[in-house]
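Here is what each chain is made of, one letter per residue.
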2 protein chains.
Amino acid sequence: METSSSRAVIAADIGGTHVRFALVTEKGEILLQEKRSRIRGSTPERMIYDWIEIAKGLESRAQGFGLKVSALGFGIAGKIDVEEGRVIFSPNIPELNGFDVVAFLRSHLAYPVAIDNDANVFGRGELWVGKGSKYPDWLGITLGTGVGGCVILDGRVWTGSRGIGFAGEIGHTTVYPNGRLCMCGKRGCLEAYASEGGLLRHIANCGSGKEYGLSALSAKRLYDMALSGNPEACRLFEEFGTALGIAIANAFTLLGIRCAIVGGGVSNAWGVFYEPLLRATVNNCSMLNAEDIVIEKSELEDSAALYGAARLALDII
Amino acid sequence: METSSSRAVIAADIGGTHVRFALVTEKGEILLQEKRSRIRGSTPERMIYDWIEIAKGLESRAQGFGLKVSALGFGIAGKIDVEEGRVIFSPNIPELNGFDVVAFLRSHLAYPVAIDNDANVFGRGELWVGKGSKYPDWLGITLGTGVGGCVILDGRVWTGSRGIGFAGEIGHTTVYPNGRLCMCGKRGCLEAYASEGGLLRHIANCGSGKEYGLSALSAKRLYDMALSGNPEACRLFEEFGTALGIAIANAFTLLGIRCAIVGGGVSNAWGVFYEPLLRATVNNCSMLNAEDIVIEKSELEDSAALYGAARLALDII
């Protein structure tokens with residue numbers, strides 16, 4: 001087999017339940033993918049040895065394409081010190097808190113390694129091969145278990161003040177002061193209204209889990225219920241879209257931008273939350289004319305993270 | 001008289017009621033100032049001829065200092081197309097809406113001219129000679145009749161997407177969905193809670209103007225009342241600080257920054273709103289530790305605008 005590129009990188013999407021690795025060419029072709037369950041309750045070293053094993057496997061298989069791996073890039077949820085290559089705080093992989101993950105990987109691999117927050121990696125993927133390449137300035141939002149976000153200014157991911165470890169965390173902006181309790185411990189965050197975790201916790205807290213069949217409840221199930229006209233599910237997605245619209249309007253007003261790109265698994269419920277989302281954005285953004293507002297759904301599905309991690313790696317070669 | 005600089009610029013602060021001009025050296029010395037009432041209900045040309053007259057007067061007087069004026073910079077409230085030098089929308093000088101004010105000034109003056117939004121000009125002043133010079137990334141807020149704001153990233157004023165005409169408009173971010181009516185027409189804006197205009201309109205709308213003596217009411221008067229323990233005035237500043245804290249927390253969370261600098265005339269009520277402001281910022285910012293949050297009052301008083309306009313002018317020489 002042959003490809004049109006000569007350089008390739010390894011891209012990794014490190015999630016709370018699974019890790020996904022890919023071999024990606026500099027032209028943005030995903031040649032190989034590998035997905036594994038994440039090793040849990042272990043030391044960071046033991047967990048990362050597993051990643052190294054996957055990376056080395058992809059290195060070997062890259063030779064079959066006549067390719068040499070030049071770098072590794074990966075995304076992970078939480079507060080990340082990008083410059084130092086350290087996880088400051090990970091909500092779903094607590095074993096990594098405070099761990100110098102880039103230095104550890106670097107000491108076992110023959111090429112440079114770069115890390116970034118998972119939503120920033122989404123942004124890099126969108127910028128490179130997605131809708132984000134159309135706009136110089138935009139807000140990225142990932143809707144999943146939680147709500148992630150990134151801020152793209154002048155065609156670059158803004159990674160926040162040096163050492164601070166985050167930027168674009170729209171999920172933890174307050175939409176309703178003293179509103180629903182969020183996983184982060186404070187009240188009224190966007191994430192409490194517009195994520196799978198927020199929806200399911202809200203339903204559980206209201207004691208109405210049983211009527212939904214909580215044991216099997218998911219955002220997908222709620223979406224199907226809303227599609228079939230269940231009024232309570234419709235109301236939840238109305239609140240979901242409204243909260244998201246208010247948060248987007250606030251970001252547009254603060255940043256002086258007018259475009260947003262929405263991805264993540266829960267963005268597939270687009271059909272039941274887009275209308276209230278757009279209405280709330282327009283109603284809460286007095287600085288923009290309605291016709292100037294652009295809110296689009298990502299088309300990269302779950303590959304945005306791999307493209308973004310690959311771009312991150314290519315940028316350090 | 002002699003100065004240590006050889007180059008000088010004219011700085012102007014164009015407000016709804018007054019215009020203020022100054023001759024400023026490249027070292028940041030304000031040598032001369034002139035303040036006039038703004039000409040109203042006239043054509044933009046007639047109004048701007050008045051500014052040209054002031055500028056030419058300062059040019060002549062600059063010669064007495066052995067200085068030659070090299071540029072003019074000015075700030076004005078509203079949506080400004082900085083690149084094109086046009087006022088898109090001015091809330092308090094409607095005569096200028098859509099007017100190519102830089103081109104007109106340029107055609108009557110012998111040096112380059114630059115314009116920016118008044119809160120961005122505040123930011124430039126703070127960056128140059130104020131507390132803003134201490135931090136690479138910060139949020140600027142001006143509390144006056146309304147609430148202005150600016151976003152400083154990597155030591156530069158972020159002016160928003162090209163052609164959009166605004167950035168940093170924290171005053172029109174929604175703090176309380178469906179809350180108090182704002183001058184901009186929407187509900188729940190920070191400005192409706194944390195500006196002189198917002199406070200006075202709220203009091204008038206509550207029908208409680210009489211008990212305050214509304215005819216002579218001002219933020220200064222309310223501040224004095226709060227200082228002397230008037231419970232209603234104290235409550236208003238508690239709400240003022242809380243709303244401001246929520247908006248600042250949201251900006252910190254979205255931008256990944258941790259510093260804010262607050263100026264404008266109403267910031268002089270600092271003593272009665274800082275405590276609730278800090279409390280609300282801490283309570284609404286789960287991404288930052290309380291001890292990392294920095295919120296400072298500007299020390300430049302009303303000179304920030306002149307320093308900032310001078311810096312704007314110096315940057316185009």
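Residues numbered from 1 in each chain as written. Chains lettered and ligands numbered in written order. Predicted model: local features only at pLDDT ≥ 70, side-chain atom pairs only at ≥ 80, totals over all residues. Heavy atoms only, no water.

In the nomenclature of an unreviewed UniProt entry, chain A corresponds to Glucokinase from the organism Thermodesulforhabdus norvegica. Quoted verbatim from the Sequence similarities (unreviewed entry) field of UniProt, the annotation for chain A is "Belongs to the ROK (NagC/XylR) family." (UniProt positions renumbered as here; feature names shortened; annotations may be inferred.)

Residue and element names in this part refer to chain B. With mixed pairing, five strands are arranged side by side in an open sheet as β10-β9-β8-β11-β12. Bordering the open sheet on either side are β10 (156-157) and β12 (294-297), each of which pairs with just one other strand. Most of the contacts of helix α3 (residues 118-129) go to strand β9 (residues 147-153), to which it runs at about 50 degrees, and overall it touches β8 (138-143), β9, β10 and β11 (259-263). Those strands touched by helix α7 (residues 231-255) are β8, β9, β11 and β12, and its axis lies near 155 degrees from that of β8. (Pairing = 2+ DSSP bridges. Helix = DSSP H or I, 4+ residues; strand = E, 2+ residues; numbered from the N terminus. Contact = heavy atoms within 4.5 Å. Axes fitted to C-alpha atoms, helices over the stretch in contact; angles between N-to-C directions.)

Let us look at the pairing of β8(B). Residues and elements named next belong to chain B. With six of six residues buried, β8 lies mostly within the body of the structure. Alternating positions in β8 separate into two faces, Trp138, Gly140 and Thr142 on one and Leu139, Ile141 and Leu143 on the other, with burial throughout. As paired elements, β8 and β9 share six bridges and run antiparallel to each other. Its bridge partner being in β9, glycine 140 is matched across the sheet by cysteine 150. (Buried < 20%, exposed > 50% of the residue type's maximum accessible area, 1.4 Å probe, protein only.)

Contacts between the two partners involve 41 residues from chain B and, on the opposite side, 41 residues from chain A. Summed over both sides, the interface between chain B and chain A buries roughly 3300 Å², with carbon and sulfur atoms accounting for 65% of that surface. Counting every contact that joins chain B to chain A gives zero salt bridges. At the boundary of chain B with chain A, the tally comes to 18 residue pairs in polar contact (both at pLDDT 80 or more). Those elements that provide at least two residues to the side of chain B that touches chain A are β9 and α7 of chain B. Ranked by residues supplied to the side of chain B that touches chain A, first place goes to α7(B) with seven residues. Class assignment for the residues of the side of chain B that touches chain A results in 21 nonpolar, twelve polar and eight charged. (Buried area = accessible area lost by both parts, 1.4 Å probe. Salt bridge = Lys/Arg side-chain N within 4 Å of Asp/Glu carboxyl O. Polar contact = N/O pair within 3.5 Å; in protein donor to acceptor, adjacent residues only side chain to side chain. Nonpolar A, V, L, I, M, F, W, Y, C, P; charged D, E, K, R; others polar.)

In this section: the relation of the copies chain B and chain A. Turning chain B through 180 degrees and shifting it by 0.0 Å along the axis lays it on chain A, with an RMSD of 0.0 Å. Given the turn and translation reported, the copies of this chain are related as if by a two-fold rotation axis. Interface overlap between copies is the fraction of interface residues in one copy that are interface residues in the other; for chain B against chain A it reaches 100%, indicating a shared surface. (Least-squares fit on C-alpha atoms with pLDDT ≥ 70 in both.)

So, on to the environment of Ser286(B). Structurally, Ser286(B) is set in the loop between α8 (270-283) and β12. Placed 37 residues apart in sequence, Ser286(B) and Ala249(B) show a C-alpha to C-alpha distance of 8.7 Å. Not counting residues within four places of it along the chain, the set of residues in contact with Ser286(B) comprises His172(A), Cys184(A) and Lys186(A).

Let us now look at the pairing of β9(B). Residue and element names in this part refer to chain B. Of all the seven residues making up β9, seven are buried; the element is thus mostly covered by neighbouring parts of the structure. The hairpin formed by β8 and β9 contains three residues between the paired strands. Two elements, β9 and β10, share two bridges in a ladder whose sense is antiparallel. Pairing of isoleucine 152 across the sheet is with valine 157, part of β10. The hairpin formed by β9 and β10 contains two residues between the paired strands, and aspartate 154 there has a positive phi angle of roughly 50 degrees.

Residues and elements named next belong to chain A. Of all eleven residues that make up helix α9 (residues 304-314), ten are buried, and the element is covered over most of its length. Among all positions in α9, only Ala304, Ala305, Leu306, Tyr307, Gly308, Ala309, Ala310, Leu312, Ala313 and Leu314 are buried. Of the surrounding elements, those touching the buried residues of α9 are β1 (7-14), β2 (18-25), β3 (30-37), β4 (68-76), β7 (113-117) and α3 (118-129).

Residues Leu139(A), Phe237(A), Leu139(B) and Phe237(B) are the most contacted members of the largest nonpolar core, which totals 110 residues. Setting aside its immediate chain neighbours within four residues, Leu139(B) contacts Leu254(A), Cys150(B), Val151(B), Ile170(B), Ile248(B), Ala251(B), Ile257(B), Cys259(B), Ala260(B) and Ile261(B). (Core = buried A, V, L, I, M, F, W, Y, C linked by side-chain atoms within 4.5 Å.)

Residue and element names in this part refer to chain A. Per the domain assignment, the segments making up chain A are domain 1 (7-124 + 303-314) and domain 2 (134-298). Taking only C-alpha atoms into account, the centre of domain 1 sits 27 Å from that of domain 2. Taken together, the contacts link 13 residues of domain 1 with 21 residues of domain 2. Roughly 1200 Å² is buried in total at the junction of domain 1 and domain 2, and carbon and sulfur atoms are behind 59% of that figure. (Domains from an automatic or database assignment.)

Our next topic: helix α7 (residues 231-255) of chain A. All names here are of chain A. With 25 residues, α7 should reach 36 Å at 1.5 Å per residue; the first-to-last C-alpha distance of 36 Å fits that figure. Within α7, 18 of the 25 residues are buried, leaving the element largely enclosed by the surrounding structure. A side-chain oxygen of the first residue of α7 lies 3.0 Å from the backbone nitrogen of glutamate 232; this N-cap is asparagine 230. Count one or two residues on from α7 and you reach glycine 256, which has phi positive near 70 degrees. (Expected span 1.5 Å × (residues − 1).)

Moving on to the packing of helix α4 (residues 196-205) of chain B against α7(B). Residue and element names in this part refer to chain B. The geometry of α4 relative to α7 is characterised by a closest axis approach of 12 Å and an angle of 130 degrees between their N-to-C directions. The pairing of α4 with α7 is recorded here as oblique in orientation. Read as a crossing pair, α4 and α7 show a hand that is right-handed. Where α4 approaches α7, its residues Leu199, His202 and Ile203 are matched on the opposing element by Leu236, Phe237 and Phe240. Across the contact of α4 with α7, the residue classes break down as five nonpolar, one polar and no charged. (Parallel < 35°, antiparallel > 145°, perpendicular 65-115°, else oblique. Left-handed = near helix turned anticlockwise from the far one by under 90°.)

Moving on, we come to the pattern of salt bridges. Within the structure shown, the criterion is met by 42 salt bridges over all chains. The shortest N-O distance in the salt bridge between Asp100(A) and Arg86(A) comes to 3.1 Å. Within this pair, whereas Asp100(A) is found in the loop between β6 (86-89) and α2 (101-106), its partner Arg86(A) is found in strand β6, the two being separated by 14 residues in sequence. By relative accessible area, which is 33% here, Asp100(A) ends up partly exposed. Close ionic contact of Arg38(B) with Glu95(B) constitutes a salt bridge, the shortest N to O distance being 3.2 Å. Here Glu95(B) lies in the loop between β6 (86-89) and α2 (101-106) and Arg38(B) lies in the loop between β3 (30-37) and α1 (44-63), a separation of 57 residues in the sequence. Classification of Arg38(B) by relative accessible area gives buried; the value is 6%. Under the relative-accessibility criterion, Glu95(B) is labelled buried at 18%. Taken together, the shared-partner salt bridges connect Glu34(A), Arg36(A), Asp50(A) and Glu53(A) into one network.

This part is about the state of the cysteines. Residue and element names in this part refer to chain B. Taken as a whole and judged by the stated rule, the model has zero disulfides over all chains. Just so you know, cysteine 206 is unpaired, no disulfide at all, and the nearest cysteine sulfur is the one on cysteine 182, 15 Å from it. No disulfide involves cysteine 259; its nearest neighbouring cysteine sulfur is the one of cysteine 285, lying 12 Å away. (Disulfide = S-S within 2.5 Å.)

The contact between α7(A) and α7(B) brings their axes to 11 Å, and the two run at 85 degrees. With respect to each other, α7(A) and α7(B) are oriented roughly perpendicular. Facing Ala251(A), Leu254(A) and Leu255(A) of α7(A), the residues of α7(B) in contact are Ala251(B), Leu254(B) and Leu255(B).

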